[in-house]
Amino acid sequence: MFYPLQRHVAYYHKALLYLLCLLGLAGCATFSEDGGFNEVQKTTQRYIKQTPVWANSNEVKQKSAEQVKALLSPPLNIENVVQIALLNNAQLQADFYSLQLAEADLVQAGRLPNPSFSMLYAKHRGDYTIEQSITMNVMALFTMGKATAIEKKRFEATQNNMVLYVLSMARQTRNAYINALAAKQAVDYLQQVNESAEATYQLAKRMHEGGNWNKLEVGREQGFYMESALALSHAENACIQAEEALTALLGLKHPADFKLPARMMDLPDAEDNLKTVNRADFSKRLDLEQTRLQVEALAKRLGLSKTTRLIDVLEIGPASVLEGRRGDPVKKGLELRFELPLFDWGTAKVKRAEAMYMQRLHQANNQAILAASEVRAQYSQYMTSFNIAQRYRDEVVPLRKSMLQESLLQYNSMLMSPFALMVAAREQVAAVNDYIEALRVFWLAESDLEMALVGSPLDSEGSVL
Amino acid sequence: MMNRRKFLQFAAAGVALSAVDKTLLAGIPEPVMMGNADTQPLLMPNTGRPYQPVATLNGWSLPWRMNKNVKEFHLVAEPVKREIAPGMVANLWGYNGQSPGPTIEVVEGDQVRIFVTNKLPEKTSVHWHGQRLPNGMDGVSGLTQAAIEPGKTYVYEFEARRAGTFMYHPHADEMLQMAMGMMGSWITHPKNMNMHKVDRDYVFLLNAYDIEPGSYLPKTNTMLNFNLWTFNSRAFPGTSPIVAKQGEKVRVRVGNLTMTNHPIHIHGHEFEVTGTDGGWVPKTARWPEVTTDIAVGQMRAIEFVADELGDWAFHCHKSHHTMNAMGHDFPNMLGVSQQGIAKAFSKLVPDYMPMGKTGMSEMSDMAEMMDMPLPENTLPMMAGKGQFGPVEMGGMFTTLKVRKDMAKNDYTDPGHYAFPKGTVAYALDNSEGLPIEHQAAPTAGEKPITEFNVRKPHKMSHD
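Residues numbered from 1 in each chain as written. Chains lettered and ligands numbered in written order. Predicted model: local features only at pLDDT ≥ 70, side-chain atom pairs only at ≥ 80, totals over all residues. Heavy atoms only, no water.

**Q** Explain the pairing of strand E19 (residues 291-294) of chain B to me, and be specific about the residues and the numbers.
**A** Residues and elements named next belong to chain B. The alternating pattern of E19 places Thr-292 and Ile-294 on a buried face, while none of Thr-291 and Asp-293, on the opposite face, is buried. Bridge analysis of strand E15 (residues 262-266) against E19 gives 4 bridges, and the strand direction is antiparallel. Bridging across to E19, His-262 finds its partner in Ile-294. (Buried < 20%, exposed > 50% of the residue type's maximum accessible area, 1.4 Å probe, protein only. Helix = DSSP H or I, 4+ residues; strand = E, 2+ residues; numbered from the N terminus. Pairing = 2+ DSSP bridges.)

**Q** Which residues make up the interface of chain B and chain A, and what values go with them?
**A** Listed as interface residues are 35 residues of chain B and, on the opposing side, 30 residues of chain A. Of the roughly 2800 Å² buried between chain B and chain A, counting both surfaces, carbon and sulfur atoms make up 72%. Among the residues chain B hides against chain A, the three largest losses belong to B:Phe330, B:Phe345 and B:Leu348. Together they make up 24% of the total. The shortest N-O distance in the salt bridge between A:Glu195 and B:Lys347 comes to 2.6 Å. Broken down by element, the residue count for the side of chain B that touches chain A peaks at 5 residues, all from helix H5 (residues 341-348) of chain B. (Contact = heavy atoms within 4.5 Å. Buried area = accessible area lost by both parts, 1.4 Å probe. Salt bridge = Lys/Arg side-chain N within 4 Å of Asp/Glu carboxyl O.)

**Q** So what's going on with the packing of helix H4 (residues 78-88) of chain A against helix H5 (residues 90-109) of chain A? Residues and values would help.
**A** A packed helix pair is summarised by two numbers, namely the angle formed by the two axes and the spacing between the axes. Residue and element names in this part refer to chain A. The contact between H4 and H5 brings their axes to 6 Å, and the two run at 50 degrees. By the angle between their axes, H4 is oblique relative to H5. On the side of H4, the interface is formed by Ala-85, Leu-86, Leu-87 and Asn-88, while H5 contributes Ala-90, Leu-92 and Gln-93. Each residue belonging to the contact of H4 with H5 can be placed in one class, and the counts come to 5 nonpolar, 2 polar and no charged. (Axes fitted to C-alpha atoms, helices over the stretch in contact; angles between N-to-C directions. Parallel < 35°, antiparallel > 145°, perpendicular 65-115°, else oblique. Nonpolar A, V, L, I, M, F, W, Y, C, P; charged D, E, K, R; others polar.)

**Q** Lay out the nonpolar core in plain terms, naming residues and giving numbers.
**A** Within the largest apolar cluster, 110 residues are counted, with the highest numbers of intra-cluster contacts made by A:Leu76, A:Tyr177, A:Leu246, A:Leu250 and A:Met264. Here this core gets 25 residues from one element, more than from any other, and that element is helix H6 (residues 138-209) of chain A. When sequence neighbours within four positions are dropped, the list of residues in contact with A:Leu246 reads A:Leu76, A:Thr173, A:Ala176, A:Tyr177, A:Ala180, A:Phe258 and A:Leu260. Residues B:Val250, B:Phe271, B:Phe314 and B:Met406 belong to the second largest nonpolar core, which totals 32 residues. (Core = buried A, V, L, I, M, F, W, Y, C linked by side-chain atoms within 4.5 Å.)

**Q** Outline unusual backbone geometry, listing residues and values.
**A** Residues and elements named next belong to chain B. That bond from Ser-99 to Pro-100 is cis: its omega, 0 degrees, falls within 30 degrees of zero. For Pro-100, the location among the structural elements is in the loop between strand E4 (88-95) and strand E5 (104-107). Residue Pro-237 is bonded to the preceding Phe-236 through a cis peptide linkage, with omega at 10 degrees. Within the secondary structure, Pro-237 is located in the loop between strand E12 (228-231) and strand E13 (242-245). Even without a glycine there, the phi angle at Asn-96 is positive, about 50 degrees. If you check the backbone angles, His-196 has positive phi at about 50 degrees while not being a glycine. Within the secondary structure layout, His-196 lies in the loop between strand E10 (184-189) and strand E11 (200-209). By relative accessible area, which is 25% here, His-196 ends up partly exposed.

**Q** How would you explain the confidence of the model for chain A if you had to name every residue and give the values?
**A** Residue and element names in this part refer to chain A. The pLDDT averaged across chain A works out to 79; a share of 74% of its residues lies at or above 70. Here strand E3 (residues 315-322) stands out as the element of chain A with the lowest mean pLDDT, 36, in contrast to helix H7 (residues 215-249), whose mean of 96 is the highest. Residue range residues 304-324 is modelled with pLDDT below 50. Its contacts to residues more than four positions away, or to other chains, number 61 contacts. A low-confidence stretch, residues 330-346 stays under pLDDT 50, and its non-local contacts, those more than four residues away or across chains, total 32 contacts. (pLDDT = per-residue confidence, 0-100.)

**Q** Tell me about the pairing of strand E9 (residues 164-169) of chain B, and name the residues and values.
**A** Residues and elements named next belong to chain B. Of all 6 residues in E9, 6 are buried; the element is thus mostly enclosed. In E9, alternate side chains face the same way, and those of Gly-164, Phe-166 and Tyr-168 on one face and Thr-165, Met-167 and His-169 on the other are all buried. Note: strand E7 (residues 127-129) against E9, 3 bridges, orientation antiparallel. Paired with His-129 across the bridge in E9 is Met-167. As defined by bridge partners, E9 adjoins E10 across 5 bridges and the pair is classed as antiparallel. Across the sheet, Met-167 pairs through a bridge with Ser-185, a residue of E10.

Take a look at the structure:
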């Protein structure tokens, strides 16, 4: 399918002109100084106090290391653990490079495609064909502006996702810290219980040795001691596991690199001091914002496909064709290649794009429904766990304390045996431990609620990671 | 004494009385109330036939009014607060402000009319235990009369036919009402004042309550495991003493309305049982005793001459009944050292004190030395302070105090007995040279310890 030569030549000249113009412009798309990270930092701070740092130079690396060291010297707190992770978590540092990758794509989109040279040599019974062509995706020149815009959207999405990674890391670290604290306090509690159980068993043994008690009575106390010793082993193991998880998130080499405080954070005094959630918070969800960007980008692509420009691979370039015998002159002309058939192919592409768009739209809808539900559920979890912890703090623990006090009074008047007194003492300690567990659940709920207001990181297809 | 103010309060707030018809009300004697758990002075009769009144241990006798020839009493059945001993108050049910109710004293042949007003939340009745009376006055609800509904006043009227010691108590929801303390004594004095004449005549009831340490209300469904054993709803050291002048003839009438028997024991004297609920014991049928067992629902009147000066114990001989609330689950820890263990315990319970290694006295010692706190409204298991130290008693325990000079109608506590020099058991002074040492019995394969025998004199000298 060849056009008349004259028209081809006219086209050729125009295209060359256009090409030269674009070559002049090619220098415009370059790498930014911060790699887009400032925007990530800025957005992150809409949600948390801590700042992520991308240690992409020795200078920054050095500074980060010093900061981490300073943060590790006092016992950890929930603010500092997040800051340490944002400075030092290895996965996060790796993730930051996807920003650079995305920016590279963006810059690439703003540059001229590389020309390609091809040559065909064919010989048949003295007839031969030699084709030499330098081809270049000239269409890319026309679409460069649009491609850059799309890559820019992708880059923004990556930035957004990066914020989500950072916030998700903050949450994981907070949660790991809360878990480690609770696990440590559980060990403290079980050590106390175990010590008293051991003493009780020793007393029972003396009772048996003195002839006061039979083996059955001693066995009962021994059994309790065994149980408490085993429970302590379990708790110690759980504590090591929790500390290791925190160590990894903080990017540290060893749990000995940090010190945990003695106690879990106190419960807020009253319900009035709790977080509230409103519509504005919900609309701040980053994953929804990102979906919006993705849908917009897709719509744009869909629009382009309707004008059949971006979807096709249309190459146009200067070609010299030698055809016929060796002495025949080289034919000059344009080589145009289309995938066939154009319109059928185009229609299928459009349909596909529409399907993709509609699918993405429904996915986005589902995502919004899930997000709303998640926020409600997390808010309920947060409030309920507050109420439970508050009940432990204001009712259960004081009750067990007063019951122990009453038990002591009864023991004082020899109404209650020392063994029963120790049971009451253990119940009181258990109530305190239950309170710590309730506190753990509350703080996790708060952390999860914060994340529910931010959203979860998405993959490039828009699925929740 | 009789608390008129209390009565006024009662009359002003008395829902029960206001519910009673005004014309009927005019015919009812004013109820007399009592706000005190001590032994009250004798109620000397100023109307009706003369008699020698009784002293109710930790109680009082109910005044009456003569209406023509009828002695009229007014009993008000109501919730009361009874001090069991200083430091403990029980929420009981009783009559006229106290539990047990007042003693009713009449004379053989008296025509008696008793108004009973029910201020309890449930119906009641009064059974006159041991009396000869018309069947319809016997007070068994349903069987011999309709029960007295709350707010109602019933009238019992009969002749006190037989002289003796009786009791009164409800016969409607009897188990609960008696476990709540509803009971009282009744004395019918002989017409002939010289019959069975004594110088001092005491009466009281035996009662038992199950009140959880730290609480106030008896557990009325308890059948055997009571933790408070009382003389007239009073536990030692809250019990008043029985006092007598040396040489006086003393009668003590004890009625048992608990659910177990009580061997009542006296120190320093012998007595004879001279009467039961059934009447006087013929002289030929009496024998000397120092303890008499009083079965459930029985009354025993014992008599003796208080000829031995001093402070003599008088108590139920069941040793658990001379203890206040105690823990039956407290293990016997005799000989068990808590060294090293107490320290671990006190980590969880900072105020923990090891007790029981040498015995239960440790508790009273500890309580005294350390001011060790006990549950609220709970009497120490053993208490009472004598002139030589802790008495370590509780419950059904009091003292018979015999003195050289006690005024005829003086029933007040004369205080500690002044022991004549050289009449009190004394500690041996070891420094005088008598070695008090236990020689361990040789065990198999061991040589007998012989050092004791070869101890050199210089070892005993003071350095």
